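# Analysis of the macromolecular model
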Amino acid sequence: MIVNFSNKTDSGLDLNFRYDIGAVASSDQALVGDEAALSISGGFGKIVLGTDDDASDSYGIDEMDLVAEEPGSTHTSASIGYSSSIGSSDAMKVAYHLPAMGGLTSGISFADSGEQGGSDKTGYGFKYGMDAAGASVTLGYRATSTEAATKDTDESNMGVKIVSGDISMILSSGKYEAVDEDRDNSGASVSYAMPNGMTIGAYTFKSEDDLDIGEEYTRSGAEVQYTIASGLTAVINVDDYDYKVTAANHEGTPVADSGTITQLTIKASF
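Residues numbered from 1 in each chain as written. Predicted model: local features only at pLDDT ≥ 70, side-chain atom pairs only at ≥ 80, totals over all residues. Heavy atoms only, no water.

### Observations regarding the environment of alanine 68
- Mapping alanine 68 onto the fold places it in the loop between strand 4 (45-51) and strand 5 (92-97).
- Here the alpha-carbon distance between alanine 68 and aspartate 152, two residues 84 residues apart in the chain, equals 33 Å.
- Setting aside chain neighbours within four positions, we find alanine 68 in contact with Glu223, Gln225 and Lys267. (Helix = DSSP H or I, 4+ residues; strand = E, 2+ residues; numbered from the N terminus. Contact = heavy atoms within 4.5 Å.)

### Comments concerning the packing of aromatic side chains
- Under the definition given, this model contains four aromatic pairs.
- Measuring from ring centre to ring centre gives 5.3 Å for tyrosine 82 and tyrosine 217, while their planes differ by 55 degrees; the resulting arrangement is tilted. Within this pair, whereas tyrosine 82 is found in the loop between strand 4 and strand 5, its partner tyrosine 217 is found in strand 13 (residues 216-229), the two being separated by 135 residues in sequence.
- Tyrosine 82 sits in the partly exposed class, given a relative accessible area of 27%.
- On the basis of relative accessible area, tyrosine 217 is assigned to the buried category, the value being 0%.
- Ring centres of tyrosine 124 and tyrosine 141 lie 6.4 Å apart, and the angle between their planes is 45 degrees; this geometry places the pair in the tilted category. Taken together, the residues tyrosine 124 in strand 7 (residues 121-132) and tyrosine 141 in strand 8 (residues 135-146) connect sequence positions 17 residues apart.
- Chaining the aromatic ring pairs together yields one cluster made of Tyr82, Phe205 and Tyr217.
- Of note, arginine 183 hangs over the ring of tyrosine 176, and the distance from its end group to the ring centre comes to 4.2 Å. (Phe/Tyr/Trp six-rings, centres within 6.5 Å; stacked < 30°, edge-to-face > 60°. Buried < 20%, exposed > 50% of the residue type's maximum accessible area, 1.4 Å probe, protein only. Lys NZ or Arg CZ within 6 Å of the ring centre and 35° of its normal.)

As structure tokens, this is what we get:
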């Protein structure tokens, strides 16, 4: 459950406090806050204070953005990327988003890990939208860097989304660098909104670790969305994945795995 409080000051500033309730504390099963942040918006842009997503989270584009319901995963031992997106944390932070300039939006955030330091995190990103040859084109880039004692953890994602009529397409890539990790990710997806209210889509993704030669994860899938009635939608996903790894090409002991996941989701809105 998300609770929002908003107000407008006499000077024209927009204030909004967002409180996300829903995480369950394992000790007593009580509802606890997941995100709680205050945003201040005006002609200068927007400042966000509190526990919220990294600023870069607003600017990424990856192949799964055209998927209404991403299938679950059973390959939990895989030490590699599952999509070209990058992670985001709800740590206490300050973020600043510049006011839109034409089709360009951008932002940056910083999370202080405390007095001891050592794991401060910086995130930033931008999006640029334009029209070209009758199509809507959006370019996106996001990156984060988390300090560490031996090697910083750096993640990045870039992508382009093209929408022409009822057809949408995304091409994306990503990078993840950390201790014993140097992953290259790439993905693509396409969707088509049919006149009968059905939307069909497909996607593909591949991740490789350059430090663990031979470790590779691939996935591909298809999705069908169908509007049963107003406010009621059925989504069918079929996801095929293959994770290749051996003890000889990896510093840990993950297990090679492959399979197919079929998922039916019924979505209702009131």
